[in-house]
Each structure stands twice: as C-alpha cells, then as structure tokens.
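Read off the chains here:
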Amino acid sequence: MNNIVLLGRLTKDADIRSTQSGKVVASFTLAVDRPYTQNGKREADFIACQIWGKSAEVLGKSVHKGQRILLEGRLQIRQYTDKNGNKRTAAEVVAERFEFIERKEQTETQGMETFGQQMPFDEEIPF
C-alpha cells in the first residue's frame, strides 16, 4: 500500500502549467513540521508535491504561500539522467486530493470584529 497524508504549509505559490496533451499540473513544496524539536527549535521537512487536473486549478487559484492544507496521495520515486549525464533519483508526493485547513480570510481576521456590528445600548429594554 502506498498512501501518504500530509499537513503543512505551502512554501510559495504553486507553479501551474499544462502538459502538451492539455492536462493541468500544479507543483509545489509543502513544509511539514516534525513531531519533535531539536535544541528547542521545531524542524520541518520540505516535501515536493504535485497534483493534477481540476484539483490543480483549484489549488493554484485558492491556496497561496503560507497557507495550510491537508493532502492525501502517494509517494512516487523516479530516476532520471541530468544534463551532465549523472543518474539522479527524485522523490515526490503525487496528491490525489487536498483540503483547505485555513483560508486567507482566516489568517487576516482577528478576534470578534467579524461578528456583526456594534449596537447602541438601549436603557428601555425590560430584562
């Protein structure tokens, strides 16, 4: 079974492109906190990810640098030859789906000021 679930923040806006056959792909890096600290500092892993199709379009338009997402997918290992003729190995997560953990609006609002408007005090209200 090859199943991976990650919760992390985008390190920068996703790179959206189309293949020659017209399929849309979004490539991005997810910063995922490690469950422990080293010398009092929290460390993170930076994981290369990609997502395809309509999900790629939605992610590209809706998720930006610093926002958290939860994704589910699979780990893919591929080998290639670089321009110098050296054999290389790359590991990346191919996401099947993702969920918003926080939207931009959540990070911009503070406290109770988003709950309606302030009403004047009326001393005539019988309690």
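Details of the structure are given in the entry above.
What this report covers is the structure whose coordinates are included nearby.

Calculation notes
- Residues numbered from 1 in each chain as written.
- Predicted model: local features only at pLDDT ≥ 70, side-chain atom pairs only at ≥ 80, totals over all residues.
- Heavy atoms only, no water.
- Pairing = 2+ DSSP bridges.
- Helix = DSSP H or I, 4+ residues; strand = E, 2+ residues; numbered from the N terminus.
- Core = buried A, V, L, I, M, F, W, Y, C linked by side-chain atoms within 4.5 Å.
- Buried < 20%, exposed > 50% of the residue type's maximum accessible area, 1.4 Å probe, protein only.
- Contact = heavy atoms within 4.5 Å.
- Phe/Tyr/Trp six-rings, centres within 6.5 Å; stacked < 30°, edge-to-face > 60°.
- Polar contact = N/O pair within 3.5 Å; in protein donor to acceptor, adjacent residues only side chain to side chain.

Strand residues, when the strand is regular, have side chains that alternate between the two faces of the sheet. Of the strand pairs in this sheet, strand β1 (residues 4-10) and strand β5 (residues 68-81) are connected by 6 bridges, and their pairing is antiparallel. Bridging from a neighbouring strand, Leu 6 pairs with Leu 71 of β5. Where β5 and strand β6 (residues 87-100) come together, 13 bridges link them in antiparallel fashion. Each bridged residue has a counterpart across the sheet, and for Arg 74 the counterpart in β6 is Val 94. If you look at the hairpin formed by β5 and β6, you'll find 5 residues sitting between the two strands, and Gly 85 has a positive phi there, around 85 degrees.

The next subject is the nonpolar core. Ranked by size, the top nonpolar core spans 18 residues in total, and within it Phe 28, Leu 30, Leu 59, Ile 69 and Leu 71 carry the most contacts. Of all the secondary structure elements, the ones that give two or more residues to this core are β1, β3 (24-38), β4 (41-52), α1 (54-62), β5 and β6. Ranked by residue count, the leading element in this core is β3, at 5 residues. Apart from the residues within four sequence positions on either side, Leu 59 is in contact with Ala 14, Ala 26, Phe 28, Ile 69 and Phe 98.

Relative to β4, β3 is paired through 11 bridges, and the arrangement is antiparallel. Bridging across to β4, Leu 30 finds its partner in Ile 47. Connecting β3 to the next strand, β4, in antiparallel fashion are 2 residues, including Asn 39 with a positive phi near 55 degrees. In this sheet, β6 lies alongside β4 in parallel orientation, the contact comprising 3 bridges. Across the sheet, Gln 50 pairs through a bridge with Val 94, a residue of β6.

Geometrically, a pair of aromatic rings is defined through the distance of the ring centres and the angle of the planes. Taken as a whole and assessed by the stated rule, the structure comprises 1 aromatic pair. Here the aromatic rings of Phe 98 and Phe 100 are separated by 5.4 Å at their centres, their planes lie at 75 degrees, and the arrangement is edge-to-face. Judged by its relative accessible area of 28%, Phe 100 is partly exposed.

Inspection of the secondary structure assignment puts Cys 49 in strand β4. Owing to a relative accessible area of 4%, Cys 49 belongs among the buried residues under this scheme. Between the C-alpha atom of Cys 49 and that of Arg 74, which follows or precedes it by 25 residues, the distance is 9.8 Å. Beyond its immediate sequence surroundings of up to four residues, Cys 49 is in contact with Leu 6, Ala 26, Ser 27, Phe 28, Leu 30, Leu 71 and Val 93.

The topology assignment puts Gln 50 in strand β4. At 3.0 Å, the side chain of Gln 50 and the side chain of Trp 52 are in polar contact. Aside from chain neighbours lying at most four places away, what touches Gln 50 is Val 25, Ala 26, Ser 27, Phe 28, Glu 92, Val 93, Val 94 and Ala 95.

That is the geometry; function is a separate question.
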